2 protein chains.
Amino acid sequence: MDIESKKAEPIGVFDSGVGGLTVACEIARQLPKENIVYFGDTARVPYGSKSKDTIIRFSEQIIRFLAKKHVKAIVIACNTASALALETVRDQFDIPILGVVIPGARAAVAATKNLKVGVIGTEATVRSKMYTKNIQKMNPKVEVIEKACPLFVPLVEEGFREHHITDEAIHYYLESMKDTRIDAMILGCTHYPLLRTKIQQYVGENIQIVNPAYETAMELKELLTCQGIANTGKEQSCSKYEFYVSDAAEKFRDFANSVMPFDVPKTNIVNIEEY
Amino acid sequence: MDIESKKAEPIGVFDSGVGGLTVACEIARQLPKENIVYFGDTARVPYGSKSKDTIIRFSEQIIRFLAKKHVKAIVIACNTASALALETVRDQFDIPILGVVIPGARAAVAATKNLKVGVIGTEATVRSKMYTKNIQKMNPKVEVIEKACPLFVPLVEEGFREHHITDEAIHYYLESMKDTRIDAMILGCTHYPLLRTKIQQYVGENIQIVNPAYETAMELKELLTCQGIANTGKEQSCSKYEFYVSDAAEKFRDFANSVMPFDVPKTNIVNIEEY
């Protein structure tokens, strides 16, 4: 294939469900000329309580699906899949694949002044210790405190973002973080930015909240530039975004329309188990 | 196959995860001579927020798996799958299949004196209105008030059974039930019996809590007797229970051992998507 056709190919972005839309959004913002194919695994969501083998199998199926859509690069927008599956799938596929953990770790290392970083995420992400490993690879002096907050995802999903039950859960999970003298805290799950205001209020202004989405889009930009495959098409307005899910397309579309800065007219259902 | 071999075949019981163990337990108690093959779909749990088509596809795969285990009858222990998939799968397979919704409805109709019944369950179960339909088929005079309580499952799963966040959630969901003058309330999700004490305390002694598990085991007993396939083997002590899951076998086994009245020594992993 000639390089000009390659440049026009889309970026594949996937997540266990809707959370990854925050990452897709950031990619669309920083790389407005790129086309995006998004896949949300709404039939098998959530990933955060499941095993490594299962997360790897699910990720492989999704990458095979995205490969059929001729994506030139893939972003694993899900922290759990980034933490548990990235290393394995990178070796298996001939497509550059980025996760959100390494960019998130880099942003936190840049943000911390007193070398103490907090990480909140799903049970599986925290158990993997991938944030700690990556942060300490970048700077071994940084101390990392990880904490799983498994109720945050259902609270967001069930519409409790503004409810005082969410305040109780934030207090329950993050009270111990307050005493640790961390000055940066990674939102290590794509759902958590939707609780950002409440979390920031609770932990106070002395702790800088780090959302890996921004840094991930930056790394993607760098990767595309280095490999010479960034889309340089002149017509900026015609970027194409396609959305696929494994279940409940309508519900996804409603959510996507409340998050994405443009109209999401259509979401397609895929039987992902066939891939 | 001769009838004696048929009688020795196991009962298949399935659920989206661990919740159905409460039903398996009740079957083991009421039908101590029966062998049981249990399947928990831990890779794709929860079902309560997913679409009807997906629940039907998942149920079909599990029934095909159980059919290979030569089960003589199947109990869908999951309320969501009973509500959304039972009618469809009954027509497709040559095995008698029972759900928990009809037995639960029957128990509630027997329990109510002022003909007002409450039902709490997942979003999908409540949306299906299957409890209302079945109750009113049995007695059209009974008024039914259904209420989805989507946070209850994650609260149980994440170990918040005794936490005051759970009290807050119970208050949030069930406050409106208190004003309805219902005198019976169905726990229309297999996780909810694990919150039974707190729920009973909150709604008060004037509302009788109905757990469909008991009635389901009764109906199974009747079905096996009617069809002449109840296990009449003399050696009561040798009933065999097998446990299969689609993910995280160890975690399941720990939970099963905390619920089942005997030691669960082994849980097997099945790639259910292949069925």
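Below or above, wherever it landed, is the structure these notes cover. Note that the structure is predicted; figures quoted are calculated from it, not measured. (Residues numbered from 1 in each chain as written. Chains lettered and ligands numbered in written order. Predicted model: local features only at pLDDT ≥ 70, side-chain atom pairs only at ≥ 80, totals over all residues. Heavy atoms only, no water.)

### Observations concerning helix 11 (residues 212–226) of chain B
All names here are of chain B. With 15 residues, helix 11 should reach 21 Å at 1.5 Å per residue; the first-to-last C-alpha distance of 21 Å fits that figure. Looking at helix 11, one finds that the buried residues are Pro212, Ala213, Glu215, Thr216, Ala217, Glu219, Leu220, Leu223 and Leu224. Phi turns positive, to about 65°, at Gly228, one or two residues after helix 11. (Helix = DSSP H or I, 4+ residues; strand = E, 2+ residues; numbered from the N terminus. Expected span 1.5 Å × (residues − 1). Buried < 20%, exposed > 50% of the residue type's maximum accessible area, 1.4 Å probe, protein only.)

### Looking at the relation of the copies chain B and chain A
With an axial shift of 0.0 Å and an RMSD of 0.0 Å, the rotation relating chain B to chain A amounts to 180°. Read as a symmetry element, the transformation amounts to a two-fold axis. The position closest to the rotation axis in chain B is occupied by the C-alpha of B:Arg44, lying 2.3 Å away. When you check the interface residues of chain B against chain A, 100% turn up at the interface there too, and the contact is symmetric in its surfaces. (Least-squares fit on C-alpha atoms with pLDDT ≥ 70 in both. Contact = heavy atoms within 4.5 Å.)

### Focus: the sheet that holds strand 8 (residues 208–210) of chain A
Residue and element names in this part refer to chain A. Taken together, the four strands give an open sheet; going across it, the order is 6-5-7-8, and neighbouring strands pair in parallel fashion. Each of the sheet's edge strands pairs with one partner strand only, and the pair in question is strand 6 (143–148) and strand 8. Averaged over all pairs of adjacent strands, the angle between their axes in this sheet comes to 25°, without regard to strand direction. Here five bridges tie strand 5 (residues 116–121) to strand 7 (residues 184–188), and the two strands are oriented parallel to one another. Residue pairing for strand 7: Val119 is matched across the bridge by Ile186. (Pairing = 2+ DSSP bridges. Axes fitted to C-alpha atoms, helices over the stretch in contact; angles between N-to-C directions.)

### A few points about the interface of chain B and chain A
If you look at the interface, chain B gives 32 residues, while chain A gives 32 residues. When the buried surface of chain B facing chain A is broken down by residue, B:Leu151, B:Ile165 and B:Glu273 rank first, second and third, together holding 21% of it. Viewed at the interface, chain A and chain B are joined by five salt bridges. Linking chain B to chain A there are 14 residue pairs in polar contact (both at pLDDT 80 or more). Put simply, the parts of the chain that give the side of chain B that touches chain A at least two residues each are helix 3 (52–68), helix 8 (152–157) and helix 9 (164–178) of chain B. If you tally residues by element for the side of chain B that touches chain A, the top one is helix 9 of chain B, at six residues. (Buried area = accessible area lost by both parts, 1.4 Å probe. Salt bridge = Lys/Arg side-chain N within 4 Å of Asp/Glu carboxyl O. Polar contact = N/O pair within 3.5 Å; in protein donor to acceptor, adjacent residues only side chain to side chain.)

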